[in-house]
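Read off the chains here:
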Amino acid sequence: MAKEKHLTPVKEKIIANYEIQKQKFFEDGYEEYQETISVLKANIMAFVTAGPFALLQVIIWILAKKGGEGVFGIREMLVFWGSFLALLFVHELLHGLGWVKWTRKKWQSIYLGMMWDSLTPYCHCKEPLKPKHYLAGVLAPFLTLGIGMFLLALIVGNHVIFLLSVLNTLSAGGDTTIACMLFRYLKYKDNCYILDHPTKCGFVAFVKF
């Protein structure tokens, strides 16, 4: 693992926890597999893995609502961008809600914070989880803010909610990419655990054959 500069106390705890967890798994005979992706590739793959869902939303909306309900006014623009910024934090909270049910220490095992160098909120689970449980947390924002919000937009016929759902679907592209990387580990049951990667986009799989 490359040494990072200017680590925050929380990031130092996350890295230390990873080292402790890794040592325990090694002692129990597990092998480590790092499944990570660069930020650039994650952004590209976001359109590959989440883009088709966003396109399908647009097609369904046009067919159901015939193109929407007019042009955004200033008030709607303010509501739209204000809501989107707020939903960035909700997105991370949903990751935590998706994971916390499966952790032993509940919210004590969830880190919610901000990467100030990129002004990006994040959520980190410090407990290793079964692949299906980790997947639940990874896809929680996509299913809730992307698919769920789109269904709400169809029901109430609101084009602001519709556009938010499309944008949130695309924003979950990194999550859908990680979900694709995770699928190969779902075949393992009692001999595989997934741990959030301490410094990179992705996760670490510990498998015992």
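Provided above is the structure to which this section pertains.
What you see is a predicted model, and the numbers here were worked out from it, not measured in a lab. Each chain carries its own residue numbering, running from 1 in the direction its sequence is written. Selection of residues for local features in this predicted model requires a pLDDT of at least 70, selection of side-chain atom pairs for listing and counting requires 80 or more, and totals for whole chains, interfaces and linings are taken over all residues. By convention in this description, side-chain values take in all heavy atoms of the structure and omit both hydrogens and water.

## Examining the nonpolar core
Working step 1: Among buried residues, those of type Ala, Val, Leu, Ile, Met, Phe, Trp, Tyr and Cys that are joined through side-chain atoms within 4.5 Å constitute a nonpolar core. When accessible area is computed with a 1.4 Å probe and restricted to protein chains, residues below 20% of their type maximum are described as buried, those above 50% as exposed, and intermediate ones as partly exposed. In this structure, Trp99, Tyr134, Val138, Tyr185, Ile194 and Phe203 are the most contacted members of the largest nonpolar core, which totals 23 residues.
Working step 2: When residues of this core are traced back to their parent elements, those giving at least two are helix H4 (74–100), strand S3 (120–125), helix H5 (131–156), helix H7 (173–182), strand S4 (192–196) and strand S5 (201–207).
Working step 3: Considering every element that reaches this core, the biggest residue donor is H5, with 5 residues.
Working step 4: If we skip the residues at most four places from it in the chain, Tyr185 touches Tyr33, Glu35, Pro131, Cys192, Ile194, Phe203, Ala205 and Val207. Helix and strand definitions here come from DSSP, where helices need a minimum of 4 consecutive H or I residues and strands a minimum of 2 consecutive E residues; each element is numbered from the N-terminal end. Throughout, a residue-residue contact means that at least one pair of heavy atoms, one from each residue, lies within 4.5 Å.

## Focus on the packing of H5 against helix H6 (residues 159–171)
Working step 1: At their nearest, the axes of H5 and H6 sit 8 Å apart, and the two run at 160° to each other. With respect to each other, H5 and H6 are oriented roughly antiparallel. Taken as a pair, H5 and H6 cross one another with a handedness that is left-handed. Judged by residue contacts, Phe142, Leu145, Gly146, Ile147, Met149, Phe150, Leu152, Ala153 and Val156 of H5 engage Ile161, Phe162, Leu164, Ser165, Asn168 and Thr169 from H6.
Working step 2: Considering only residue class, the contact of H5 with H6 consists of 11 nonpolar, 4 polar and no charged. Interaxial angle, 0 to 180 degrees, is taken between N-to-C directions of lines fitted to C-alpha atoms, where a helix line uses only the stretch in contact. Here the word oblique covers every angle except those under 35 degrees (roughly parallel), over 145 (roughly antiparallel) and from 65 to 115 (roughly perpendicular). Note on convention: the crossing is left-handed when the near helix lies turned anticlockwise from the far helix by less than a right angle, right-handed when the turn is clockwise. When residues are grouped by polarity, Ala, Val, Leu, Ile, Met, Phe, Trp, Tyr, Cys and Pro land in nonpolar, Asp, Glu, Lys and Arg in charged, and all others, Gly among them, in polar.

## Quick notes on H4
Working step 1: Expected helix span is taken as 1.5 Å per residue step, with the number of steps being one fewer than the number of residues. Between the first and last C-alpha of H4 there are 39 Å, a value that for 27 residues agrees with the 39 Å anticipated at 1.5 Å per step.
Working step 2: Note that the bend at a residue is defined as the angle between axes fitted to the seven residues ending at it and the seven residues starting at it. Along H4, the largest kink reaches about 25° and is centred on Leu88.
Working step 3: Taken as a whole, H4 has its buried residues at Phe80, Phe84, Leu87, His91, Glu92, Leu94, His95, Gly96, Gly98, Trp99 and Val100.
Working step 4: Tucked inside the fold, the buried residues of H4 contact strand S2 (110–115), S3, H5, H6, H7 and S4.

## Here's the deal with the sheet that holds strand S1 (residues 31–37)
Working step 1: In spatial order, the strands read S1-S5-S4; together these 3 strands make up an open sheet with antiparallel pairing. In this open sheet, the two strands that pair with only one neighbour each are S1 and S4. For this sheet, the mean inter-axis angle between neighbouring strands, taken without regard to orientation, is 20°.
Working step 2: DSSP calls a pair of strands paired once it identifies at least 2 bridges connecting them. Judged from the 7 bridges that link them, S1 and S5 form a sheet pairing that is antiparallel. Bridge assignment links Glu35 to a residue of S5, and that residue is Phe203.
Working step 3: Contacting S4 and S5, H5 runs over the sheet at an angle of about 30° to S4.

## A word on the packing of aromatic side chains
Working step 1: Ring geometry is summarised as follows: Phe, Tyr and Trp rings, the Trp one being its six-membered ring, pair when their centres sit within 6.5 Å, and such pairs are stacked at plane angles under 30 degrees, edge-to-face over 60 and tilted between the two. Under the defined criterion, the tally for this structure stands at 15 aromatic pairs.
Working step 2: Here the aromatic rings of Tyr30 and Tyr193 are separated by 6.2 Å at their centres, their planes lie at 65°, and the arrangement is edge-to-face. In this pair, Tyr30 sits in the loop between helix H1 (9–27) and S1 while Tyr193 sits in strand S4, placing the two residues 163 residues apart along the sequence.
Working step 3: On the basis of relative accessible area, Tyr30 is assigned to the buried category, the value being 13%.
Working step 4: Tyr193 gets classed as partly exposed once you look at its relative accessible area, which sits at 23%.
Working step 5: Grouping aromatic residues by their ring pairs yields a cluster made of Tyr33, Trp99, Tyr134, Tyr185, Tyr188, Phe203 and Phe209.

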